[in-house]
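The chain contents come next:
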Amino acid sequence: MRIGSVRGEWVELCLKQAAIRLSRAHVLYGFCVRERLSSEGIGNMRHGSANLDVLRSIAVSLVVISHLLIEHVGHGEGIYSTQILGTLGVLIFFVHTCLVLMLSLERQAMKDRQDPGTIPFLVARAFRIYPLSIVVVSVVVFIDWASASGHHGGWAVLSNLLLIQNITGHESVPPVLWSLPFELQMYLFLPTLYLFVSMSGRFARYGIGLLWIGMVVVILAVWRLGWDYSLIMFFPCFIPGVLAYSLRDATKQLAPGLLFAFVGTMAIAYPWIVGHGVKATMLSWPICLALGIMIPYCREIESVKLAKLGEIVARYSFGIYLTHVPMINFSFHFLHKQPAVISWIVFFVGTGALSFLAYHLIEKPCTDFGKALSERMKSHQLQAKSNIS
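A quick note: this is a predicted structure, and the numbers were derived from the prediction, not measured.

Another aspect to go through is the nonpolar core. Within the largest apolar cluster, 96 residues are counted, with the highest numbers of intra-cluster contacts made by Leu-190, Leu-291 and Leu-322. Residue contributions to this core peak at 16 residues, all from helix H3 (residues 82-112). Apart from the residues lying within four places of it in its own chain, the contact partners of Leu-190 are Cys-98, Leu-101, Met-102, Leu-105, Phe-121 and Val-242.

Below, the structure is given as structure tokens:
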């Protein structure tokens, strides 16, 4: 009996110890899971974000839908400005691009363990933007010349090839090209803004917020004086992307549906308000500000299928953006005698095929080359500094 009692006590003691260890392991596992989810919620934008992919997909979709509505319905003046629907897509691009590039500069700085250089950054971006835009401009100009449907002067063509038509005042060819000069010119300031944010820490958000307010005040003052403010009017639309980056470590408290619900609401309200006479430019500033504030506070979408769809559309979005207007002209003008279903099929298939080919034959190879060239420039700069020291 005594031996059995000792054995019973020993077994009971072992069971208690096992229960304690299991409880500790469960607590530790729960803590690790929470930490992992928390870190994913904070840092996922640094390594790709499904939200940003879907947002970019929505942006290019709004631009395409806008031009299709203009083609088949009209501009909707006085009711719902279909053109402003496309402008909303471009505004989303502005915020999205600034945020993504700031994250790219951060990754580059962490990789090289030094501040990213302005010149290498601009070289990489030039090879990302210019090759495909040059091809599209050249093809569109040639088609217009061959079909005698339009004549573009040499300076106008050169301005579009260099993407400076917002400075020279020439018409964009194709029309969607109007946004690229503003984007390129904003690139000049991003490395400096990145250094400011990285050096300012948690106070960066307040500095960027003051910068946004200051730019709005400057533009309004220039407008009040009757001067031309066209070159700076979109600065308050780009800066919220930098603000979103300064808030990148914020706790993700909002459901992702709120972000896309906001975009959907703006897709209805913004063109309607502008259609009723309100100035589009001034409305664009608070819209972009709200978007820049919301992005870092929203959790990532959980739908794998939606994330994958967003990733695919985002990958080909630049090609879609540049090629869909020529495809509209071809499908609904050149083929106007064909049944409507044929025109629609040609438009969607043609736009998809052209954007696919543009990405794999032009955009990606040139982007990769630009990155390699940028890396080589930075290595040469680093070598030069070491030789001096």
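Given 3.6 residues to a turn, an α-helix orients residues that are three or four positions apart in the same direction. Its 31 residues place the ends of H3 45 Å apart at the C-alpha level, agreeing with the 45 Å of an ideal helix rising 1.5 Å per residue. Within H3, 24 of the 31 residues are buried, which leaves it mostly tucked inside the rest of the structure. Note on H3: the residue one or two positions beyond its end, Arg-113, has a positive phi of about 55°.

Next up on the list: empty space enclosed by the protein. Enumeration according to the criterion identifies one cavity of 30 Å³ or more in this entry. In this model, the largest cavity occupies a volume close to 50 Å³. Leu-88, Leu-91, Ile-92, Phe-262, Val-263, Met-266, Ile-287, Cys-288 and Leu-291 are the residues that line the largest cavity. When residues of the lining of the largest cavity are traced back to their parent elements, those giving at least two are H3, helix H11 (256-275) and helix H12 (280-294). Each residue belonging to the lining of the largest cavity can be placed in one class, and the counts come to nine nonpolar, no polar and no charged.

Where helix H2 (residues 50-72) contacts helix H14 (residues 317-334), the two axes come as close as 10 Å, and the packing angle between them is 15°. By the angle between their axes, H2 is roughly parallel relative to H14. Regarding H2 and H14, the two cross each other, and that crossing is right-handed. Here Arg-56, Val-60, Val-63, Val-64, His-67, Leu-68, Glu-71 and His-72 of H2 come into contact with H14, specifically with Ser-317, Ile-320, Tyr-321, His-324, Val-325, Ile-328, Phe-332 and His-333. The class makeup of the residues in the contact of H2 with H14 is nine nonpolar, five polar and two charged.

For the pair H2 and H3, the least separation of the axes is 8 Å and the interaxial angle reads 155°. As far as their axial angle goes, H3 and H2 are roughly antiparallel. As H2 packs across H3, the resulting crossing turns out to be left-handed.

Parameters and conventions
- Residues numbered from 1 in each chain as written.
- Predicted model: local features only at pLDDT ≥ 70, side-chain atom pairs only at ≥ 80, totals over all residues.
- Heavy atoms only, no water.
- Core = buried A, V, L, I, M, F, W, Y, C linked by side-chain atoms within 4.5 Å.
- Buried < 20%, exposed > 50% of the residue type's maximum accessible area, 1.4 Å probe, protein only.
- Helix = DSSP H or I, 4+ residues; strand = E, 2+ residues; numbered from the N terminus.
- Contact = heavy atoms within 4.5 Å.
- Expected span 1.5 Å × (residues − 1).
- 1 Å grid on protein atoms, 1.4 Å probe; cavity = no way out; pocket = protein on both sides within 12 Å on 5 of 7 lines; lining within 4 Å.
- Points joined across faces, edges and corners; volume = space filled by probe spheres on them.
- Nonpolar A, V, L, I, M, F, W, Y, C, P; charged D, E, K, R; others polar.
- Axes fitted to C-alpha atoms, helices over the stretch in contact; angles between N-to-C directions.
- Parallel < 35°, antiparallel > 145°, perpendicular 65-115°, else oblique.
- Left-handed = near helix turned anticlockwise from the far one by under 90°.

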